[in-house]
Amino acid sequence: MEQGSSSNSGQKLEIIVAGDEGSVRLDRMLAVRLPELSRSRLKALILAGSVTVKSAPVRDPAYHVNAGDTITIDVPEAVAAEPSGEDIALDIVYEDDDIIVIDKPKGLVVHPAAGHETGTLVNALIAHCGTSLSGIGGVRRPGIVHRLDKDTTGLMVAAKNDWAHKSLTEQFADHGRTGAMRRGYMALVWDLPNRQRGTVDAPIDRHPYAREKMAVRESGREAITHWEIQESFNGRDSKPVAALLACQLETGRTHQIRVHLAHIGHPLLGDGVYGPHFKTKASHLGPASQKALAALGRQALHAYLLALEHPRNGAVLEWISDLPEDLTSLRDSLRATQ
């Protein structure tokens, strides 16, 4: 049985799993019951948390439903096929006819996707650059060649024309192995590594059960992260409780630094996805640090360094971004505990 209600914000559908539909994959059952929605659309809705089973969001398309389960699907209002410009303030650190470099704040999604169709960096860049953008892929939009997670702050570059897009894509694919490309991150992590520097060389793939997460898996793609301790912090018991690491990427996988640092036992402070089991560590922090961490509301990761070869003349350009205010407050509070 399908029931639906609609409004200006979209449509809400409700399905009750029939007796002969028990123990079947969620995505397959929805594809049969809702043929008007494509399989890719249904998958995107599931991954975005827009599908609930027995009132609980289910983000795994392979989840098996049972007879009698009530499934609710929130289908957002249809949006334009291509992103449009929006007047969103940008912190621009460099711009010319070919590229634009911005210092991304927390909370800003890079590219429109299910659940974030508007209010993204792409929307902001379209409005800012206007007609200077060429038709990348047949559409006037900035060439996004790399991304930062929604709540990761720091430096990003985008191409303003096809020429620059091609050059930047090649540089990011090379990851500085033969060229000047460098990407550096500052990460506040739990505990103190047992050596000054190191490299995590571990392949990354989609998590086998939690599909919104990534994980170190033998089946994954090559992923290499270099790290070095910049500073260590003691807790109230005068024992090491956290460290500031400088990380450089040799590859660019989704959530790479977050996954790799958690893999070696040093998840990022504030990372509820890859470090939830470290929440009790907060009790070892001083009161000011506990308050700063609670206020952070995100993973403690900042893209502080970006270097590349200019697409037109080959000049090596480099930019440095200071820690944003929230991470500075957390770092300073950690220093004060010692």
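Residues numbered from 1 in each chain as written. Predicted model: local features only at pLDDT ≥ 70, side-chain atom pairs only at ≥ 80, totals over all residues. Heavy atoms only, no water.

Details of the packing of aromatic side chains
Cut-off, in case you're wondering: A pair of aromatic rings is counted whenever rings of Phe, Tyr or Trp (Trp by its six-membered ring) have centres within 6.5 Å, and the orientation is called stacked for planes under 30 degrees apart, edge-to-face for over 60 and tilted otherwise. What counts as a helix is a DSSP run of H or I of at least four residues, what counts as a strand is a run of E of at least two, and both are numbered from the N terminus. The rule is simple: take the accessible area with a 1.4 Å probe, protein chains only, and divide by the maximum for that residue type; under 20% is buried, over 50% is exposed, in between is partly exposed.
Across all of its chains, the model carries one aromatic pair by this definition. When the ring of Tyr94 is compared with that of Trp319, the centres are 5.5 Å apart and the planes differ by 50 degrees; the resulting orientation is tilted. With Tyr94 in strand E8 (residues 92–95) and Trp319 in strand E21 (residues 316–320), this residue pair connects regions lying 225 residues apart in the sequence. Taking the relative accessible area as the measure of exposure, Tyr94 reaches 26% and is therefore partly exposed.

Focus on the pairing of strand E13 (residues 153–159)
Remember that side chains alternate between the two faces of the sheet whenever the strand is regular. Applied cut-off: At least two DSSP bridges between two strands are needed for those strands to be called paired.
The buried fraction of E13 amounts to seven of the seven residues, a majority that puts the element mostly inside the structure. Strand direction decides the pairing type here: strand E9 (residues 99–104) and E13, joined by six bridges, are antiparallel. Bridge pairing links Ile100 to Ala158 in E13. Sheet topology note: the strand E12 (residues 143–144)/E13 ladder contains two bridges and is antiparallel. Across the sheet, Ile144 pairs through a bridge with Ala158, a residue of E13. Across two bridges, the pairing between E13 and strand E20 (residues 301–309) is parallel. The residue bridging Gly154 from the neighbouring strand is Ala303, located in E20.

A word on the packing of helix H1 (residues 26–33) against helix H2 (residues 39–47)
Short version of the rule: Orientation is described by lines fitted to C-alpha atoms, with helices fitted over the stretch in contact, and by angles between N-to-C directions that extend from 0 to 180 degrees. Orientation is classified from the angle alone, with under 35 degrees giving roughly parallel, over 145 giving roughly antiparallel, 65 to 115 giving roughly perpendicular, and any other angle giving oblique. Throughout, a crossing is termed right-handed when the near helix is turned clockwise from the far one, and left-handed when it is turned anticlockwise from it by less than a right angle. Any two residues whose heavy atoms approach within 4.5 Å are treated as being in contact. Each residue is assigned to one of three groups, with Ala, Val, Leu, Ile, Met, Phe, Trp, Tyr, Cys and Pro labelled nonpolar, Asp, Glu, Lys and Arg labelled charged, and all others, Gly among them, labelled polar.
In contact at an axis separation of 10 Å, H1 and H2 are set at 130 degrees when each is read in the N-to-C sense. On the basis of their axis angle, the class for H1 and H2 is oblique. Note on packing geometry: the crossing formed by H1 with H2 is right-handed. Residues Leu26, Asp27, Arg28, Leu30 and Ala31 of H1 lie in contact with H2, whose contacting residues are Arg39, Leu42 and Ile46. Per-class residue counts for the contact of H1 with H2 are five nonpolar, no polar and three charged.

Things to note about the nonpolar core
Rules: Think of a nonpolar core as a cluster: buried Ala, Val, Leu, Ile, Met, Phe, Trp, Tyr and Cys residues, connected wherever their side-chain atoms sit within 4.5 Å.
Judged by nonpolar contacts, the single largest core of 32 residues is most densely connected at Leu121, Tyr185, Leu245, Cys247 and Leu261. Broken down by secondary-structure element, the contributors of at least two residues to this core are E9, helix H3 (121–129), E13, strand E14 (182–190), strand E18 (224–234), strand E19 (240–249), helix H5 (256–263) and E20. Ranked by residues supplied to this core, first place goes to H3 with six residues. In this view, Leu245 contacts Tyr185, Met186, Ala187, Val189, Pro193, Trp227, Glu228, Ile229, Gln230 and Leu261; residues no more than four positions away in its chain are not counted.

Notes on the confidence of the model for the chain
The following threshold applies: Confidence scores labelled pLDDT are given residue by residue by the predictor and lie between 0 and 100.
When the pLDDT values of the chain are averaged, the result is 89; 92% of them are 70 or greater. pLDDT under 50 marks residues 5–9. Its contacts with residues more than four places away, or in other chains, come to eight contacts.

What about the side chain of Asp103?
Selection criterion: Only four residue types enter the tally: Lys and Arg on the positive side, Asp and Glu on the negative side, with His and both chain ends excluded. Whenever a carboxyl oxygen of Asp or Glu lies within 4 Å of a side-chain nitrogen of Lys or Arg, that contact is scored as a salt bridge. Pairs of N or O atoms are called polar contacts if they sit within 3.5 Å, as long as, within protein, a hydrogen donor faces a hydrogen acceptor (for residues adjacent in sequence, only side-chain-to-side-chain pairs).
Within the secondary structure, Asp103 sits in strand E9. Although Asp103 is buried, it makes no salt bridge; Lys104 carries the closest opposite charge, 8.8 Å away. At 2.6 Å, the side chain of Asp103 and the side chain of Ser321 are in polar contact. What Asp103 contacts, discounting residues up to four positions off in sequence, is Asp91, Val93, Gly154, Leu155, His302 and Ser321.

Concerning the packing of helix H6 (residues 287–296) against helix H7 (residues 325–337)
The geometry of H6 relative to H7 is characterised by a closest axis approach of 8 Å and an angle of 160 degrees between their N-to-C directions. The angle between the axes of H6 and H7 places the two elements in the roughly antiparallel class. Of the two possible hands of crossing, H6 and H7 adopt the one that is left-handed. Here Ala288, Ser289, Ala292, Leu293 and Leu296 of H6 lie close against H7, whose contacting residues are Asp326, Leu327, Ser329, Leu330, Ser333, Leu334 and Thr337. Taken together, the residues that form the contact of H6 with H7 break down as seven nonpolar, four polar and one charged.

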